[in-house]
Number of protein chains: 2
Amino acid sequence: MNSGQASKATGVSQRMIRHYEAIGLMPPPDRRDNGYRDYPPRSVERLRFIANARDLGFSLDEISALLELWDDRARASSEVKAIALEHAEDLARKSAALEAMRRTLLELVDGCSGDARPDCPILEGLAEPRKRPERDLTECAGKPKAET
Amino acid sequence: MNSGQASKATGVSQRMIRHYEAIGLMPPPDRRDNGYRDYPPRSVERLRFIANARDLGFSLDEISALLELWDDRARASSEVKAIALEHAEDLARKSAALEAMRRTLLELVDGCSGDARPDCPILEGLAEPRKRPERDLTECAGKPKAET
DNA sequence: CTTGACCATGACATTATGTCAAGGTTGATG
DNA sequence: CATCAACCTTGACATAATGTCATGGTCAAG
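Report follows, based on the coordinates. (Residues numbered from 1 in each chain as written. Chains lettered and ligands numbered in written order. Predicted model: local features only at pLDDT ≥ 70, side-chain atom pairs only at ≥ 80, totals over all residues. Heavy atoms only, no water.)

**Things to note about the relation of the copies chain B and chain A**
As a reminder of what qualifies: Only residues with pLDDT of at least 70 in both copies count here: their C-alpha atoms drive the least-squares fit that superposes the copies. Contacts are assigned to residue pairs that have any heavy atoms within 4.5 Å of one another.
Take chain B, turn it by 180°, move it 0.0 Å along the axis, and it overlays chain A with an RMSD of 0.1 Å. The superposition of one copy onto the other is thereby described by a two-fold rotation axis. Of the interface residues in chain B, 100% have counterparts in chain A that sit at the interface too, so the contact is made through matching surfaces.

**Examining the protein's contact with DNA strand C**
Under the convention used in this document: Whether a residue is near a molecule or strand depends on its heavy atoms: if one lies within 4 Å, it is near. Here a polar contact is taken to be a pair of N or O atoms separated by no more than 3.5 Å, where protein atoms must pair a possible hydrogen donor with a possible acceptor and residues adjacent in sequence count only if both atoms sit in side chains. Labels follow the DSSP assignment, with helices taken as runs of H or I lasting at least four residues and strands as runs of E lasting at least two, numbered in each case from the N terminus. For this scheme, ten residues count as nonpolar: Ala, Val, Leu, Ile, Met, Phe, Trp, Tyr, Cys and Pro. Four count as charged, namely Asp, Glu, Lys and Arg, and the remainder, Gly too, count as polar.
In the vicinity of DNA strand C there are 21 residues, among which Asn2, Ser3, Arg18 and Arg37 of chain A together with Arg15 of chain B approach most closely. Near-protein atoms of DNA strand C (within 4 Å) split between backbone and bases, with sugar and phosphate holding 65%. The contact in question runs from a base nitrogen of DNA strand C to an N or O atom on the side chain of Tyr36 of chain B, over 3.4 Å. Where the surface near DNA strand C is concerned, the elements lending two or more residues are α1 (3-10) and α2 (14-22) of chain A together with α2 (14-22) of chain B. Sorting elements by how many residues they give to the surface near DNA strand C places α2 of chain B first, with four residues. The residue inventory of the surface near DNA strand C, partitioned by class, reads five nonpolar, nine polar and seven charged.

**Describing the packing of aromatic side chains**
Residue and element names in this part refer to chain A. Put simply, the rule reads: Note on aromatic contacts: the rings of Phe and Tyr and the six-membered ring of Trp form a pair at centre separations within 6.5 Å, being stacked when their planes are under 30 degrees apart, edge-to-face when over 60 apart, and tilted otherwise. Type-normalised accessible area, obtained with a 1.4 Å probe on protein chains alone, sets the label of each residue: buried when under 20%, exposed when over 50%, and partly exposed for intermediate values.
Counted according to the given criterion, the structure contains two aromatic pairs over all chains. Plain terms: the ring middles of Phe49 and Trp70 are 5.1 Å apart, the flat faces sit at 40° to each other, and that makes the pair tilted. Of the two residues, Phe49 sits in helix α3 (residues 41-55) while Trp70 sits in helix α4 (residues 60-71), which places them 21 residues apart along the sequence. Take Phe49 and Trp70: they sit in the same class, and that class is buried.

**What about the packing of α4 of chain A against helix α5 (residues 77-110) of chain A?**
Residue and element names in this part refer to chain A. Threshold: In this analysis, axes come from line fits to C-alpha atoms, helices being fitted only over the stretch in contact, and the angle between any two N-to-C directions falls in the range 0 to 180 degrees. Oblique is the label for any angle not covered by the other classes, which are roughly parallel (under 35 degrees), roughly antiparallel (over 145) and roughly perpendicular (65 to 115). The handedness criterion is simple: a crossing whose near helix is rotated anticlockwise from the far helix by less than a right angle is left-handed, and one whose near helix is rotated clockwise is right-handed.
Between α4 and α5, the shortest axis-to-axis distance is 10 Å and the interhelical angle comes to 160°. Viewed along their axes, α4 and α5 adopt a mutual orientation that is roughly antiparallel. Relative to α5, α4 is oriented so that their crossing is left-handed. Here α4 contributes Glu62, Ala65, Leu66 and Leu69 to the contact with α5, which in turn contributes Glu79, Val80, Ile83 and His87. Grouping the amino acids of the contact of α4 with α5 by side-chain chemistry returns five nonpolar, one polar and two charged.

**Observations regarding the protein's contact with DNA strand D**
Near DNA strand D lie 22 residues; those nearest to it are Asn2, Ser3, Arg18, Arg31 and Arg37 of chain B. Between DNA strand D and Tyr20 of chain A there is a distance of 2.8 Å, counted from a phosphate oxygen to a side-chain nitrogen or oxygen. Here a phosphate oxygen of DNA strand D and a backbone polar atom of Gly4 of chain B are 3.2 Å apart. Elements with a contribution of two residues or more to the surface near DNA strand D: α2 of chain A together with α1 (3-10) and α2 of chain B.

**Points about the interface of chain B and chain A**
Our working definition: Summed over both partners, the accessible area lost on bringing two parts together, with a 1.4 Å probe, is the buried area.
At the junction of the two partners, chain B supplies 71 residues and chain A supplies 71 residues. A combined buried area of about 6000 Å² lies between chain B and chain A, and 63% of that area is made up of carbon and sulfur atoms. It is Asp55, Leu123 and Leu126 of chain B that lose the most area in chain B upon contact with chain A, and together they represent 11% of the buried surface on that side. Linking chain B with chain A are 19 residue pairs in polar contact (both at pLDDT 80 or more), by the criterion used here. Of all the elements in the fold, those that place two or more residues in the side of chain B that touches chain A are α3 (41-55), α4 (60-71), α5 (77-110) and α6 (121-127) of chain B. At 21 residues, α5 of chain B tops the list of elements feeding residues into the side of chain B that touches chain A. Across the side of chain B that touches chain A, the residue classes break down as 36 nonpolar, 14 polar and 21 charged.

Following this line, the structure appears as structure tokens:
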């Protein structure tokens, strides 16, 4: 199976397939005489693994660790479970951080009449000194979708 | 007030102050004879505005729009409120997406014994084909903190 | 043989921020 | 005055994950 087919089969773009190969997440596949990559079924499975893990919000670093465990037939399932549980907590923390931002924002919104007049407590509130959060779990809220 | 003092007063790093200037979020300040930046109080307030807005998860693009409204003494507060409310919804959607990931992950975790044996439904589940989500609000879960 | 659909590689862009380097300034101390 | 530390300046490079574009080779059908 070549890279285009593997891409369709797994939903991972060809660009990303090559990227995963470049950073060592995917083993370099055999090449056919024309230079085309040729993926065995196990590699396709591996790509799916990566795709699913990303969909669950694992970073490529975490995925790398999971793949090592996947490759290791002797690993204890407790190791995997520990990583998964930690990640689940991470998700919960991030979600809570977003919710906290939302609450704070809605508090500001609450004071704003939202009519044609120019007075706006939202803008005033933003310009005021205020307790800044710890900046540790909040780095994911404002990232635009790079949809250009 | 020079850039170091402004940085301390607002919590925005000097690096970022200059960046905001480079991308047009901050007006180029006057320079003293030695070339040092000299910020008037209004600029310090503006930096605080940016910092607070970022803490609430606004992207620099959104902040740019908010700053325009801030500069415009005649704008209607409804404009501001609309942006804020839309962003609050965005936060809610992202938070919900993280929660959904977490639920799915915990489902996988649930089937895993987590003991010394190697069988692991988590890894097996990750390798299986599964319905991939829409990839539209989920791009914020796995970003590591760049703490290197 | 040509056209179109693939594939390959490499380079550049994105977002927000850090870090490092090399050099000018300033103020204080010996 | 010499010097040293603490500042400021600019510019360059790096991060994570992904898209996009350019340039060129390959293959299959007409």
